[in-house]
Amino acid sequence: MMRLVLLICLCAVTAVEARSSQPEPTFRNRTDLLAWISAYREEPRPDHVAGAVQAMSKLGIFRDLDRAAVFIGFVAGVVGENQLDAERLIAEMFPLRPEDQVVIIRAIADSGLPNWRDLMARFVERMPARKILIRNYLYGKSKPLQELPLDKGPEVLDAWWGVYFATGRYEPIRRLLPALKWSDEGDNLDRLTIASMAMWTLSANASRDKPLLDFLRAEAYRQPAKVAAPLRELVLAAETFETAKIRKAQVAKMDELKKRGPASGRQWAWWSRAASTAIALGCVVAGAAGQAQLGLPCLIGGTVSSAAERILRAPR
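Rules used in this analysis
- Residues numbered from 1 in each chain as written.
- Predicted model: local features only at pLDDT ≥ 70, side-chain atom pairs only at ≥ 80, totals over all residues.
- Heavy atoms only, no water.
- Helix = DSSP H or I, 4+ residues; strand = E, 2+ residues; numbered from the N terminus.
- Buried < 20%, exposed > 50% of the residue type's maximum accessible area, 1.4 Å probe, protein only.
- Polar contact = N/O pair within 3.5 Å; in protein donor to acceptor, adjacent residues only side chain to side chain.
- Contact = heavy atoms within 4.5 Å.
- Salt bridge = Lys/Arg side-chain N within 4 Å of Asp/Glu carboxyl O.

## Points about the side chain of serine 183
1) Next: As for its position among the elements, serine 183 is in the loop between helix H10 (171-176) and helix H11 (189-206).
2) Next: Exposure remark for serine 183: the relative accessible area of 4% places this residue in the buried category.
3) Next: At a separation of 3.0 Å, a polar atom in the side chain of serine 183 contacts the main-chain carbonyl oxygen of leucine 180.
4) Next: Sequence-distant contacts of serine 183, that is, excluding residues within four places in its chain, are made with Leu192, Ala195, Met199, Pro230, Gln250 and Lys253.

What follows is the structure in structure tokens.
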């Protein structure tokens, strides 16, 4: 019996040593980062997140925070998933140039940790240039991800996907589902666009991820009618690998609403930004499912909105 116990302990130590000896990943570009994020939930390595954040900063990913939401959500998910090591993980992300420290602040706030305010307060002195933003979060002027409405913008959806890729938990997916009630929105293009993004990314990912597909299928019996109907539609599309139908149907609805919308100029600009964000997210979704692409190129940042819009509408 003693020999068996010793053998088990030896195997455990060997496994830990093998994991710790794995080399740090190399992040030469955004594609490397996305590939690593996509595979992260299969073999979490939180000790490598600081290096990833440093790479994100050097690659300029945080210059447009709206389009960096999936990265920020990912960092927040890792922090939230490692509560006991959260302070150490954050400390290892420094030094970070002041303009990029916003990412650390948002990741702490969005982590979902019960003590996130205390955690943030410990880093005030390391981020003197960001004291106003920190104060806004500490005193409730700025809201964490958990308190943001889905129709605030596409970056909210991206952030929840980032949390999902970091944790593999279905709570972030459950947070996205209420957006589906806007899939037939006839008056608000912003909400219709959010619903379209949610339907597209959910169906595309579920078509290549059986556990996620099973989860969404079960949720269709738990959700209210306005959510359950489009949820069943996207589940069917995922099951039959006909997710392009979802995209085409939602784009047609948006076109119709833009034709008769009273504020088409402003709303078109909003949709252009959303299209680029959705395409960036689609690449991460594809990578997480072990696919090289979802029938569209990975246009991560720096992509003109018109090009993103054309790709999203292109026939498949």
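## Some thoughts on the pattern of salt bridges
1) Next: Scanning the entire structure with this criterion turns up 19 salt bridges.
2) Next: Arginine 28 is the partner of aspartate 32 in a salt bridge, and the nearest nitrogen-oxygen pair spans 3.0 Å.
3) Next: Taking the relative accessible area as the measure of exposure, aspartate 32 reaches 17% and is therefore buried.
4) Next: When salt bridges that share partners are traced, they join Glu171, Arg174, Arg175, Glu219 and Arg222 into one network.

## Here we look at unusual backbone geometry
1) Next: Looking along the chain, the bond that leaves phenylalanine 94 and enters proline 95 is cis, with omega of 0 degrees.
2) Next: As for its placement among the helices and strands, proline 95 is situated in the loop between helix H5 (86-91) and helix H6 (101-110).
3) Next: We note that phenylalanine 241 has phi near 55 degrees; this positive angle belongs to a residue other than glycine.
4) Next: Looking at where phenylalanine 241 falls in the secondary structure, it is placed in the loop between helix H13 (225-239) and helix H14 (243-260).

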